[in-house]
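# Reading the structure
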Amino acid sequence: MAVVFKDSYLVGLIGSGIGPSLSPALHEREADRQGLRYLYRLIDIDVLGLEPEAVGDLVRAARDLGFDGLNITHPCKQLVIPHLDALAPQAEALGAVNTVVFEDGRAIGHNTDVTGFAASFARGLPDVPLERVVQLGAGGAGAAVAHATLTLGAGQVTVVDALADRAADLAGSLNRHFGPGRAAAAGPDRLAELLARADGVVHATPTGMAAHPGLPFPAGLLRPDLWVAEVVYRPLETELLRTARTVGCATLDGGGMAVFQAVDAFRLFTGREPDSVGMLADFAGLARGAEHSAGHAV
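So, here's what we can say about the structure. In this text, all values refer to a predicted model and were calculated from it rather than measured experimentally.

## Looking at the sheet that holds strand β6 (residues 106-110)
- Across the sheet, which stays open at both edges, the six strands sit in the order β2-β1-β3-β5-β6-β4 with mixed pairing between neighbours. Whereas interior strands pair on both sides, the edge strands pair on one side only; in this sheet they are β2 (37-44) and β4 (86-87).
- Of the pairings in the sheet, the one linking strand β3 (residues 69-72) to strand β5 (residues 99-103) comprises three bridges and is antiparallel in character. Counted as the bridge partner of L70 is V100 from β5.
- Lying on the sheet, helix α1 (residues 23-33) is in contact with β2 and β3; it crosses β2 at an angle near 170 degrees.

## Quick notes on helix α10 (residues 255-270)
- Over its 16 residues, α10 extends 23 Å from the first C-alpha to the last, a length consistent with the 22 Å expected when each residue adds 1.5 Å.
- Two residues or fewer after α10 comes G271, characterised by a positive phi angle close to 75 degrees.

## Some points on α1
- Taken as a whole, α1 has its buried residues at S23, P24, L26, H27, E30 and A31.
- Buried residues in α1 make contact with β2, β3, α10 and α11 (276-289).
- Trailing α1 by a residue or two, G35 shows a phi angle of about 75 degrees, which is positive.

## Remarks on the packing of α1 against α11
- Following both chains from N to C, one finds α1 and α11 inclined at 135 degrees, their axes separated by 10 Å at the closest point. What the angle tells us is that α1 and α11 run oblique. Here the hand of the crossing between α1 and α11 comes out right-handed. Across from A25, L26, R29, E30 and R33 in α1, the residues of α11 making contact are G278, M279, D282, F283 and L286.
- Per-class residue counts for the contact of α1 with α11 are five nonpolar, one polar and four charged.

## Looking at the nonpolar core
- In terms of nonpolar packing, the biggest core is built from 32 residues, with F117, F121, W227 and A229 touching the most fellow members.
- At the level of secondary structure, the elements contributing two or more residues to this core comprise α5 (112-124), α6 (140-151), β8 (156-160), α7 (164-178) and β11 (227-230).
- The element that contributes the greatest number of residues to this core is α6, accounting for six residues.
- Core analysis: the second largest hydrophobic core is formed by 18 residues, V55, A62, F67 and V80 among them.

Reading the values: the criteria
- Residues numbered from 1 in each chain as written.
- Predicted model: local features only at pLDDT ≥ 70, side-chain atom pairs only at ≥ 80, totals over all residues.
- Heavy atoms only, no water.
- Pairing = 2+ DSSP bridges.
- Helix = DSSP H or I, 4+ residues; strand = E, 2+ residues; numbered from the N terminus.
- Contact = heavy atoms within 4.5 Å.
- Axes fitted to C-alpha atoms, helices over the stretch in contact; angles between N-to-C directions.
- Expected span 1.5 Å × (residues − 1).
- Buried < 20%, exposed > 50% of the residue type's maximum accessible area, 1.4 Å probe, protein only.
- Parallel < 35°, antiparallel > 145°, perpendicular 65-115°, else oblique.
- Left-handed = near helix turned anticlockwise from the far one by under 90°.
- Nonpolar A, V, L, I, M, F, W, Y, C, P; charged D, E, K, R; others polar.
- Core = buried A, V, L, I, M, F, W, Y, C linked by side-chain atoms within 4.5 Å.

Distances and angles like these do not, on their own, reveal function.
This is the structure we're talking about:
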């Protein structure tokens, strides 16, 4: 698309319970580095007393008020799609949108969760084996990271979720997109057997967040040659990561995904190349300052 460079931007985040989000500070600090006037506003449906289905009205209002774009988070990433004019291929394949760009009066949906996790993984766990990957969680974050893991070249991803239909639906969608046999679904009762044969595990459930402490599976299933990637980023060191490091596993925290999805969203909003190293440093400081609060991956 043709990028029109400006010196001021108005963007926002639509979601539920987003008060603790680090996105406003992350985006605004990067804008300060680039000499831009950049306002990032929270549009919390809980504060507004709205149902998630109101996301379409909020997107239209933001467009009419002159916003340049929006981030979209839980529980609106799927609900927003019918209200958009077009989808980027990644968002269409995933069936979820976390970034909306307003261009010539049209609302275009993107998904930077996929690219964000892929960039974080490539940076933090380079050259790990990817033949057999187990993923816990088939929700919105799970769909994004499963797409990213297969895009990175994983041989097969087995999706484990307590909701059998949700795991099966995600596996089916992945196989349609990446080819037969690239994904499988399983219940938690098979986790020990699957982890025993896996190269690595991606954790994409809320377990480990400040509001949901604990381990997602018994520590005894970890072993030194199993890599562990986490999606939760507040706290940065979840109990799973702390335990895995003690065992000797290579690990990846959720901070990189949070930062790189913001890097990609900032680029979409402004057409300018963000300083990803600077944003990683900003995030580390922000996360430390808010380590006792529950967080939302945008």
